[in-house]
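# Architecture at a glance
Chain residues, written in single-letter form:
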Amino acid sequence: MILTPEQLQDLGMAVFREAGVPEESAASVVEALVRAELDGLPSHGFSRIPFYVDQALSGKVKARAIPLVRQAAPAAVLVDAGNGFAFPAILAGLEKAIPLARRNGVSVLGVTRSHHCGVVGLYAERIAEAGLISLIFSNTPAAMAPWNGSKASFGTNPLAFGCPREGKHPLVIDMSLSKVARGKIMGAKQRGEAIPEGWALDAAGRATTDPVAALGGSVGSLLGMYTVRHKTKHPKFTIGIPLLLAGRIDATLNAEVVFADYHTELQLKSLKKILIA
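Residues numbered from 1 in each chain as written. Predicted model: local features only at pLDDT ≥ 70, side-chain atom pairs only at ≥ 80, totals over all residues. Heavy atoms only, no water.

In terms of regular secondary structure, the protein is built from 8 helices and 12 strands. Burial analysis of the protein (277 residues in total) assigns 50% to the buried set. In the protein, the share of contacts with a sequence separation of at least 24, taken over all contacts with a separation of at least 6, comes to 62%. On the protein, roughly 12,700 Å² of surface is accessible, and the fraction owed to carbon and sulfur atoms is 56%. (Helix = DSSP H or I, 4+ residues; strand = E, 2+ residues; numbered from the N terminus. Buried < 20%, exposed > 50% of the residue type's maximum accessible area, 1.4 Å probe, protein only. Contact = heavy atoms within 4.5 Å. Areas by Shrake-Rupley, 256 points an atom, 1.4 Å probe, with all protein chains shown as cover.)

With 6 bridges joining them, strand β7 (residues 159-165) and strand β8 (residues 168-175) adopt antiparallel strand pairing. Counted as the bridge partner of C163 is L171 from β8. (Pairing = 2+ DSSP bridges.)

Attention now goes to the confidence of the model for the protein. When the pLDDT values of the protein are averaged, the result is 80; 76% of them are 70 or greater. A low-confidence stretch, residues 217-234 stays under pLDDT 50, and its non-local contacts, those more than four residues away or across chains, total 63 contacts. (pLDDT = per-residue confidence, 0-100.)

Moving on to the packing of helix α1 (residues 5-18) against helix α3 (residues 49-58). Interhelical geometry of α1 versus α3 gives an angle of 20° and a closest axis separation of 10 Å. Comparing their axes, α3 and α1 come out roughly parallel. Between α1 and α3 lies a crossing of right-handed hand. Two secondary-structure elements touch here, α1 through G12, V15 and F16 and α3 through I49, Y52 and V53. (Axes fitted to C-alpha atoms, helices over the stretch in contact; angles between N-to-C directions. Parallel < 35°, antiparallel > 145°, perpendicular 65-115°, else oblique. Left-handed = near helix turned anticlockwise from the far one by under 90°.)

This next bit is on the environment of G12. Mapped onto the fold, G12 is located in helix α1. Residue class for G12 comes out buried when judged on its relative accessible area of 0%. A sequence separation of 18 residues divides G12 from V30, and the C-alpha atoms of the two residues are 5.8 Å apart. Setting aside chain neighbours within four positions, we find G12 in contact with V30, F46 and I49.

Right, here's the structure in full:
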């Protein structure tokens, strides 16, 4: 079945309404998921809906949380998402941070106590469409083992860069620090498919093509999902991004963060983002 973007939007809104998510929050979540699908990133699209809805129904995500936005400094905005969805919190913060960037030449937006933020490049694109350059970071739970290691110690810590271009679509660079997005492993599990060799390790640190084994492990020590190899992306970034977040907006380090998109029974803990425009 092929659906139009409008049909996807309507379908997503119906699901979140049924789960008791307020209209405005649901609209921001569904918009982000639809945009991910249209950008060819189904791992961050509608495949996330079952997890998001389960977490809203269980209370892990505070679906009715209202983001608290405050100007923490002349060119800094801080948003407390209240353990709710990240999407409405980020949008609320951008409403204040973008005008500050135009006025001051730069602004920093920090978002604390939020759920999974999806495709970070979406916000880089939005900021670029407003005529501004941006750099965006987020912390994540520990998901990558160091080179020759077996225990997950580093987060995938996504980052994005956006730049406007006159008369053209913005330039957007969006990446995580792992060899593959964790959402692709989740998607393979949902479809009952094996994953390619080299994507993941099991809980004992052995290479695996089984997505269930790749997603196995205990909370706080989800083991062996990725290895940090010099031939892919530099491990120093996996250390630097959580330290930046911890120092600027009091985020926890990767090993202390609970996976926001997998477990429904555990409380959300300290997923935080920085957006610089």
